[in-house]
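Structural overview for review
Next come the chains, spelled out residue by residue.
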Amino acid sequence: MAKTISEISEATGYSRTTITMVLNGRAEQYRISKRAQKIITDYVAKHGVTINQTARNLKTSRSRTVGFIAPDLANTFFARIMARLEEYCRAEDLVLITTSSRESPQLEQKALRSLLERGVDGLVVAPCSPLQAQAAQRSAKAVPLVLIDRDYDVRSFPVVSSDHEASARQLTREMISSGVANIAFLCGHPDIPSVQARMDGFRAAIAEAQFGVDDTQLLSDEEDSVEAGQRMMQALLQDPQKRPAAILCSSLLVLEGALYQLKLTTGSIPSEMMIGAFDYDGMLHSLPNPVVIARQDEDALAKAAFQLLFQQMQSDAPIGNSREIFPAEMMRLDTP
C-alpha cells in the first residue's frame, strides 16, 4: 500500500519538508544531501506514495479543479469540447468537472452555484440565456471565467467562439452553387447567439444569390433537440409542394430528428436531397446524400478557452473582455 508523507518521514527519519522537496524535484535547490535523496527515493520506489489532496487544497486554497457547464452533452460539439478541455486540464494536473444545463436557466444557475460551492479554480461556461451569462458574471466574480461558443455580450469576461455568421454564409453559398432549387433551414433554439448568427449568414447568402421568397424556408423550434428536428420536418412535409431540395440544420441533434421524421413519413431519405450541417460526425459518411459541413475547430476553441482560463488562474486577475473568433472548415461528403 502506498505510504503517506508522514509514514515516509517516520520510516526514513527525515522531515516531511525534506521528503516533500525531494518528491517535488527541488532537492538540489535546498541542498538536500545525495544520501538523503537516495534513501527517500528508494523507499518511495518500493512502497509508493499517496498525497492527501484535501489537506493540500486546504493549505493552498486551491482545489485543482475546473468546472465546465455545457448546454447538452448529447450535442456532439459540446462533448468534443469537453474531451479537449479534459486533456488540457490533465496536462496541468487539473481535474475537469462537467455538468449540463439542459438549456434550462434554472438548472444552469444550480450547476454554477454547485461548482462554486465545491471551490473550483476556474469555470468554462456555454450559457443558455443572456440573463444566465450575467448571473455567471456576478456569481463568479472572484473566480476565473471564460464563456465559450455563445457570446451574450457580457463584457467583463473573455469569449471564445466560432465565426457562426461567416460559416453559415459560406455553407449556404456552397449549397446554392451546387444548383439546388430551394433550401429549408431548420433552427433549434433560435434565441442563442450562435444560431442567430447562422440565421443572419443564411439570409445574407440567400439575398446575395437573389433567391425568391418561394426558394427558401426558415423554420425554428424553441428546443435544440432530436424532437425539435422531428417537429420541423413534420411541418415541412405537410405541403408536398414545399418539400425542399436541400435542408440545412443548426445542429446534429436537429438533423438526426429531421432525417428520422423524413424516413418515418415518406419511407426513405431521397438520395438527391442535399444536407448541410454545422458539425461533423463520422455517421454522415453513411448517408447516400451529398453533404456539406461547416466543421467547427473544437480543439482550437477548447485550447483557447483553457489558455485564457489558466492565464487568469495563474495571475489571480481578470484578463478583460477579449474575443477570440475561429473560422470553420468547409467539408463536402459526396459519397457514402
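Residues numbered from 1 in each chain as written. Predicted model: local features only at pLDDT ≥ 70, side-chain atom pairs only at ≥ 80, totals over all residues. Heavy atoms only, no water.

**A look at the overall build of the chain**
Inclusion rule: In this description a helix means any DSSP run of H or I spanning at least four residues, a strand means any run of E spanning at least two, and both kinds are numbered starting from the N terminus. Accessibility here uses a 1.4 Å probe with only protein chains present; expressed as a share of the type maximum, an area under 20% marks a residue as buried, one over 50% as exposed, and anything in between as partly exposed. Two residues form a contact once any of their heavy atoms are found within 4.5 Å. Computed with the Shrake-Rupley method and a 1.4 Å probe, the accessible areas treat only the protein chains shown as cover for residues.
A tally of regular secondary structure across the chain gives twelve helices and twelve strands. Per-residue burial for the chain yields a buried fraction of 48% across its 336 residues. Taking contacts inside the chain between residues at least 6 apart in sequence as the whole, the part at least 24 apart equals 68%. Surface summary for the chain: the accessible area is close to 16,600 Å², and the carbon and sulfur share equals 49%.

**Observations regarding the pattern of salt bridges**
Threshold: Salt-bridge detection follows one rule: a side-chain nitrogen of Lys or Arg within 4 Å of a carboxyl oxygen of Asp or Glu.
A complete count under the given rule lists 15 salt bridges for this structure. Note that Arg-102 and Asp-72 form a salt bridge whose closest N and O atoms lie 3.0 Å from each other. Note that Arg-102 is positioned in the loop between β2 (95-100) and α6 (105-117) and Asp-72 in the loop between β1 (65-70) and α5 (76-91), a separation of 30 residues in sequence. Note that Asp-221 is salt-bridged to Arg-231, the shortest N-O span being 2.9 Å. Taken together, the residues Asp-221 in strand β7 (residues 216-221) and Arg-231 in helix α10 (residues 226-237) connect sequence positions ten residues apart. Among the residues examined, Asp-221 registers a relative accessible area of 13% and is labelled buried. When salt bridges with common partners are traced through the structure, they connect Glu-103, Asp-149 and Arg-150 into a single cluster.

**A look at the packing of aromatic side chains**
Definition in use: The aromatic pairing rule takes the rings of Phe, Tyr and Trp, using the six-membered ring of Trp, and pairs them if the centres are within 6.5 Å, calling planes under 30 degrees apart stacked, those over 60 edge-to-face and the rest tilted. The rule for a charge over a ring is simple: NZ of Lys or CZ of Arg within 6 Å of the ring centre, and within 35 degrees of the ring normal.
The full count for this structure, using the stated rule, is five aromatic pairs. Considering the side-chain rings of Tyr-88 and Phe-306, the 6.1 Å spacing of their centres and the 20 degrees angle between planes classify their relative orientation as stacked. Here the residue Tyr-88 occupies a position in helix α5, and Phe-306 occupies one in helix α12 (residues 298-315), the gap between them amounting to 218 residues. Note on Phe-306: relative accessible area 6%, which makes it buried. Taking the centre distance of 5.0 Å and the plane angle of 55 degrees together, the rings of Phe-185 and Phe-202 count as tilted. Taken together, the positions of Phe-185 in strand β6 (residues 183-188) and Phe-202 in helix α9 (residues 193-209) put the pair 17 residues apart, joining distant regions of the chain. What makes Phe-185 buried here is its relative accessible area of 0%. By relative accessible area, which is 3% here, Phe-202 ends up buried. Among the aromatic side chains, those forming a connected cluster through ring pairs are Tyr-88, Phe-306 and Phe-310. For Arg-198, the ring lying beneath its charged end belongs to Phe-278, and the centroid distance is 4.3 Å.

**Quick notes on the sheet that holds strand β12 (residues 329-333)**
The following threshold applies: Whether two strands pair comes down to DSSP finding at least two bridges between them. Between the N-to-C directions of two axes lies an angle of 0 to 180 degrees, each axis being a line fitted to C-alpha atoms and, for a helix, fitted only over the stretch in contact.
Read from one edge to the other, the open sheet built from six strands follows the order β7-β6-β8-β9-β10-β12, with strand pairing classed as mixed. The sheet is open, and its two borders are formed by β7 and β12, each paired with just one other strand. Recorded for the sheet is a direction-independent mean angle of 15 degrees between the axes of neighbouring strands. As paired elements, strand β8 (residues 246-249) and strand β9 (residues 274-277) share three bridges and run parallel to each other. Paired with Leu-248 across the two strands is Gly-276, which belongs to β9. Relative to β6, α9 is tilted by about 165 degrees, and along the sheet it contacts β6, β7 and β8.

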